[in-house]
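One letter stands for each residue in the lines below.
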Amino acid sequence: MSETAETQLEKKLRRLIETIDVGNALTEPLTDSIVHLLRITAAEMNSEEASVLIREGDDGDLRFLSATGKVAEQLINLRVPAGKGIAGFVFSSGQPMAVADAGEEETFYAEVDKQTGYSTQTILATPLRHNGEVIGVLEYVNRIGEPPYEPFSPVEMDKAALFAEAVASLINAYESVKLFRELGEKMIDGEGTEDYSQVRAWLGELRSAPEHREMLDLAILIRELAARGEAEREMCREVLEAVVKFSDQKSETSFLSY
Amino acid sequence: MTTVTGYQTGKFGTMSTYFQIDDIWKSRTGKGVGVAVIDSGIDQTHPDLSGKILEAVEARHENKRVLFVASDAGDSAGHGTACAGIISKIAPDARFHSIRVLGAGGLGDGQSFLAGLEYAIKQRYRLINLSLGTTKPQFFAPLHDLLDRAYQAGCIVVAAANNLPQPSFPSVFSSSLISVSKSTETDPFHFGFRYGEVIELTAPGVNVRTAWPGGGYKSLTGNSFACPHIVGIIALLLETYPNLTPFQVKSALYAIARENLEENRPVENNEGESV
């Protein structure tokens, strides 16, 4: 892209971004949907509170993104250091778990409770996954009504895993939009080359990820094959379609009893 | 080997031959058996566990390599302590190697426990509790490889199933490890074996009361608490029969589970009707 074209594109993007409230217009509909979903599922789980924690940075730290219930406001943006507490474990292990008497002793939840003034007694936490990767944690805390609360059951644990799938796809959309928003904001705020270098660094990181490299190798291979002619292109497409079909069938039969 | 005649086709298919195991193991305590717990660490000061930790190491990420160094970090999540507590309840004289791979920071979920598993296999620990899993496809092949190495080295790896809609590794690798999911059963000796299923064993995993960092106890639910129940049972078996191979351990578990199932059956009269 020539410099003039790049400058023109930048101007256009700036104008576009400036006309909308980037801070909220992009992410708010998604965070609202997440809260609605939490409310509906919390009622279904007979749970007083529901919350979503998402990863913050690359070191396994978590942050409360959305919550419902009495202390929702205090919870939002509260951070959970890597590996701490039940949420930290569920995030890093990928294993769901339930604790019936969470608040009895000094635990990480006692620290969270101290900050929010809430009393966590029974909790169910399940990982949020997208494309096989854990991207956050979904939690249900306490029951509707008065304590003592009935512990979460295995059936409810399975139910929560299903809810987690829906929440995870919204979180994934939220994260993509947030990234886009941040790039947009950088373009508005930043003057000169510094911000472009940040964007380039980010793209560089993306490119050096092993999954990305593998896909890139595959793409190069396909491009080479396809460049050889119409017949090769057709054959390549047929082979790939057959592989996808085979893989679908294989995963259906292999894990039927799972 | 004993041939059982007249066995009805049931939950375990049509297999009619299995080996019987005596009950000596039930009175053992896991003495002389070392268990590697690949998890969030173990609280060494907990009254149920103090003096039982032979080794505590944690993963460190240095120069793109994962090293294991001595650790005094204890357990910040509680999970490793909970698992060790369950094992210790069943096998009070078993000793632990705590391999802390969670909460060490800087490591991805799959990468850290893969390194922990490799460490345990290199040390040739006989019994390995792995209450963790990953669904990332890039870990499928390396985990498969490691578990084959474990099998050949005689390391018995017990993994928790993941009660999520998609399969998780390594719990779906049936041949080279023992995978466990939770049941509402409360007696640790009364575990189940689901022959032909991907996750073959079931053990108590609902509201299990066990040790928690800080000296207390908690009631926990999850497949990752079913896994240490089976590890505890295997510790008793290994004390009784120290030379059991992973294959023989699995066969013994199958035989015991089958006896459990038979015990649970209603008594039948000669006409085959329940009385």
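A short tour of the structure in this document, coming up. (Residues numbered from 1 in each chain as written. Chains lettered and ligands numbered in written order. Predicted model: local features only at pLDDT ≥ 70, side-chain atom pairs only at ≥ 80, totals over all residues. Heavy atoms only, no water.)

Turning next to the pairing of strand 3 (residues 34–39) of chain B. Residues and elements named next belong to chain B. For strand 3, the buried fraction is high: five of the six residues fall into the buried class. Inspection of the sheet shows strand 3 paired to strand 6 (residues 95–100) by six bridges, in the parallel sense. Paired with Ile38 across the bridge in strand 6 is Ile99. Pairing between strand 3 and strand 7 (residues 127–130): four bridges, direction parallel. The residue bridging Ile38 from the neighbouring strand is Leu130, located in strand 7. (Buried < 20%, exposed > 50% of the residue type's maximum accessible area, 1.4 Å probe, protein only. Helix = DSSP H or I, 4+ residues; strand = E, 2+ residues; numbered from the N terminus. Pairing = 2+ DSSP bridges.)

To continue, consider the environment of A:Met97. With respect to the secondary-structure elements, A:Met97 resides in strand 4 (residues 97–99). Residue class for A:Met97 comes out buried when judged on its relative accessible area of 2%. Once the C-alpha coordinates of A:Met97 and A:Glu139 are considered, the two residues, 42 residues apart in sequence, prove to be 9.9 Å apart. The residues touching A:Met97, leaving out its near neighbours within four places in the chain, are A:Ile86, A:Phe89, A:Val90, A:Ile123, A:Leu124, A:Ala125, A:Met157, B:His79, B:Trp212, B:Leu220, B:Thr221 and B:Phe225. (Contact = heavy atoms within 4.5 Å.)

A few words now on helix 1 (residues 79–90) of chain B. All names here are of chain B. Over its twelve residues, helix 1 extends 17 Å from the first C-alpha to the last, a length consistent with the 16 Å expected when each residue adds 1.5 Å. By the criterion of burial, helix 1 is predominantly enclosed, with eleven of the twelve residues buried. Those residues of helix 1 that fall on the buried side of the exposure criterion are His79, Gly80, Thr81, Ala82, Cys83, Ala84, Gly85, Ile86, Ile87, Ser88 and Ile90. (Expected span 1.5 Å × (residues − 1).)

Residue and element names in this part refer to chain B. The sheet built from nine strands is open, its strands ordered 5-4-6-3-7-8-9-11-10 with mixed pairing. In the strand order of this sheet, the two ends are held by strand 5 (65–70) and strand 10 (192–193), each with one partner. Here strand 8 (residues 156–160) pairs with strand 9 (residues 178–183) via three bridges, running parallel. Bridge pairing in strand 9 links Val158 to Ile178.

Next up on the list: the environment of B:Thr210. Residue and element names in this part refer to chain B. As for its position among the elements, Thr210 is in strand 12 (residues 208–212). The sequence separation of Thr210 and Ala84 amounts to 126 residues, and the corresponding C-alpha distance is 8.8 Å. Excluding anything up to four places from it in sequence, Thr210 contacts Ala82, Gly85, Ile86, Gly216, Tyr217, Lys218 and Leu220. For Thr210, the side chain forms a polar contact with the main-chain oxygen of Ala82, separated by 2.9 Å. (Polar contact = N/O pair within 3.5 Å; in protein donor to acceptor, adjacent residues only side chain to side chain.)

All right, on to the environment of B:Pro188 then. Residue and element names in this part refer to chain B. Residue placement: Pro188 occurs in the loop between strand 9 and strand 10. Residue class for Pro188 comes out partly exposed when judged on its relative accessible area of 24%. Separated by 17 residues in sequence, Pro188 and Gly205 place their C-alpha atoms 9.8 Å apart. Discounting residues that sit within four places of it in the chain, Pro188 has contacts with Ile90, Pro204, His229 and Ile233.

Two numbers describe a pair of aromatic rings. These are the distance of the centres and the angle of the planes. Counted under the stated rule, the structure contains four aromatic pairs over all chains. For the ring pair B:Phe193 and B:Tyr254, a centre distance of 5.0 Å and an interplane angle of 55 degrees mean the geometry is tilted. Of this pair, B:Phe193 sits in strand 10 while B:Tyr254 sits in helix 5 (residues 246–264), placing them 61 residues apart in sequence. Comparing B:Phe193 with B:Tyr254 shows no difference in burial state: the two are buried. Aromatic ring contacts, followed pair by pair, group B:Phe193, B:Tyr195 and B:Tyr254 into a single cluster. Between A:Arg143 and the ring centre of A:Phe152, over which it is positioned, the NZ or CZ distance is 4.1 Å. (Phe/Tyr/Trp six-rings, centres within 6.5 Å; stacked < 30°, edge-to-face > 60°. Lys NZ or Arg CZ within 6 Å of the ring centre and 35° of its normal.)

What follows concerns the sheet that holds strand 2 (residues 61–67) of chain A. An order of 3(A)-2(A)-1(A)-6(A)-5(A)-4(A)-13(B)-12(B) is seen for the eight strands of this open sheet, with the pairing classed as antiparallel. The sheet is open, and its two edges are formed by strand 3 (79–80) of chain A together with strand 12 of chain B, each paired on a single side. Where strand 4 of chain A lies against strand 13 (residues 216–221) of chain B, two bridges are found, and the strand directions are antiparallel. Bridging across to strand 13 of chain B, A:Val99 finds its partner in B:Leu220. On top of the sheet, helix 1 of chain B reaches strand 4 of chain A together with strand 12 and strand 13 of chain B; it is set at about 115 degrees to strand 12 of chain B, its chief contact. (Axes fitted to C-alpha atoms, helices over the stretch in contact; angles between N-to-C directions.)

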